[in-house]
Amino acid sequence: MRAKAKKPSLLGKMGRGVPYLLAAALVFGIAQYGSEDKNGSGDTSLNMNAMAANNSVSADQLSELYVVASLSSSFSLASTDSVSNNYVAASVLKEISQTSTDKIEKPGYVPVSYSPGIETYIVKDGETMQSIASKLSVEYRTQLTTDLIRWSNNLKNTDVSVGQALSIPKTAGIIYSVKAGDTPESLAARYGAQADRIISYNNLEETGLVEGMSIVLPGGSLPLTERPEYVPVYTYSYYGSTSDRKDMRVVYEPVTQGYGNRMAPGQCTYYAWWWRATSPYSLGPLPAGLTGDAKYWANNARALGMRVDNTPEVGAVFQTTAGWYGHVGVVLRINDDGSLLVREMNYGYQAYKVTESTIPVNVVGNFTYIH
């Protein structure tokens, strides 16, 4: 005869519930401790209204909210959503010094034209862009640079004048005007930011990206060809003649990372370095010491002991100092008439694309070749 299974006792049922009771008590205790007045200072640590009114969130306050949120989530308590939202709101408040309690309670609310992480600053007498960057870095507790301010205002240099209005990102990053088709993910990939930070910093949880609105890309940086000081080189001028490419076409070539390539992705130098490291038709990888903009490559290559001259060779890098940053590409073939079949990235209007074309024989000697 099979023995009857014993029914769990009331004490046993209660015993299994003890961990949950203890966890709930711990969560309540931390929340209660954080909300008490500490050392008579009146610091209501976990009170969201007080945080917003004081325009500050301390590291201790964030730590307390984080512990409460983590424990609530681990034990699936009913308060999980509430305390998690408080932690996210406090994080945003700490980063952008937001003062509106109403916006903290509704993090999705934001005017569709302007991010709360942007401030308009009026230049005062005696100020320079460097002094403004230093002053606001201290005020915002971040690391603003003159480049970030320039790029956010589409300025080619650091010159400012009294009364000039500057749009300032309140964190280390750039201000960006949203365009049709933009997504947080595409902006993050293009400008070196993080999609989740773009959303939280600009309060985009409900509105999403709206064309024309100004937002901050925290941690972002402008690619070389989007910087206001960049001068695109569409054709090269040498000794009074113009070197136009012939039969230019875009070619698909999956340029990959690695191989010791320290150049900026998407630029002509990045592609030339990659091709020399990977193509069986090249003259071999370039030395690690070859760095800098394209206009410096010939001199730097000479200093490293490489052969540099005006004689083309299959597998060599062709180089010019024309334009703001110079330009480089690679030689694929020397044609019977002395013209060159070349490949290059970021030439002409083909930004970030690899093109193949012919350099006419009458201007082949105007380039420098790195063998």
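Residues numbered from 1 in each chain as written. Predicted model: local features only at pLDDT ≥ 70, side-chain atom pairs only at ≥ 80, totals over all residues. Heavy atoms only, no water.

**Q** Help me out: how do you make sense of the side chain of His327 in this one?
**A** Mapped onto the secondary structure, His327 falls in strand β10 (residues 327–334). Separated by 2.8 Å, the side chains of His327 and Glu344 make a polar contact. (Helix = DSSP H or I, 4+ residues; strand = E, 2+ residues; numbered from the N terminus. Polar contact = N/O pair within 3.5 Å; in protein donor to acceptor, adjacent residues only side chain to side chain.)

**Q** What should I look at first to understand the nonpolar core in this one?
**A** Ranked by internal contacts, the top residues of the largest apolar core, which has 23 residues, are Tyr271, Trp297, Val328 and Ile370. Every element with two or more residues in this core is listed here: α10 (268–278), α11 (297–303) and β10. Looking at which element gives the most residues to this core, the answer is α10, with 7 residues. The residues contacting Trp297, other than those within four sequence positions of it, are Met263, Thr269, Ala272, Trp273, Leu286, Leu290, Thr291, Gly292, Val317, Gln319, Val328 and Ile370. Listed in part, the 16 residues of the second largest apolar core include Leu148, Ile174, Leu204 and Ile215. (Core = buried A, V, L, I, M, F, W, Y, C linked by side-chain atoms within 4.5 Å. Buried < 20%, exposed > 50% of the residue type's maximum accessible area, 1.4 Å probe, protein only. Contact = heavy atoms within 4.5 Å.)

**Q** Looking at this model, I keep getting lost on helix α8 (residues 184–191). Mind explaining?
**A** Every α-helix winds through 3.6 residues per turn, so residues three or four apart in the chain are directed the same way. Every buried residue of α8 is accounted for by Pro184, Leu187, Ala188 and Tyr191. All buried residues of α8 project into a common sector of 100° when viewed along the axis, lining one side. The outward face of α8, more than 90 degrees from its buried face, is lined by the exposed residues Glu185 and Ala189. Turning to α8, the residues buried within the fold contact β3 (173–177), α9 (195–201) and β4 (214–218). Just downstream of α8, Gly192 is the residue with a positive phi angle, here 70°. (Arc of directions from axis to C-beta.)

Just geometry here; none of it tells us what the structure is for.
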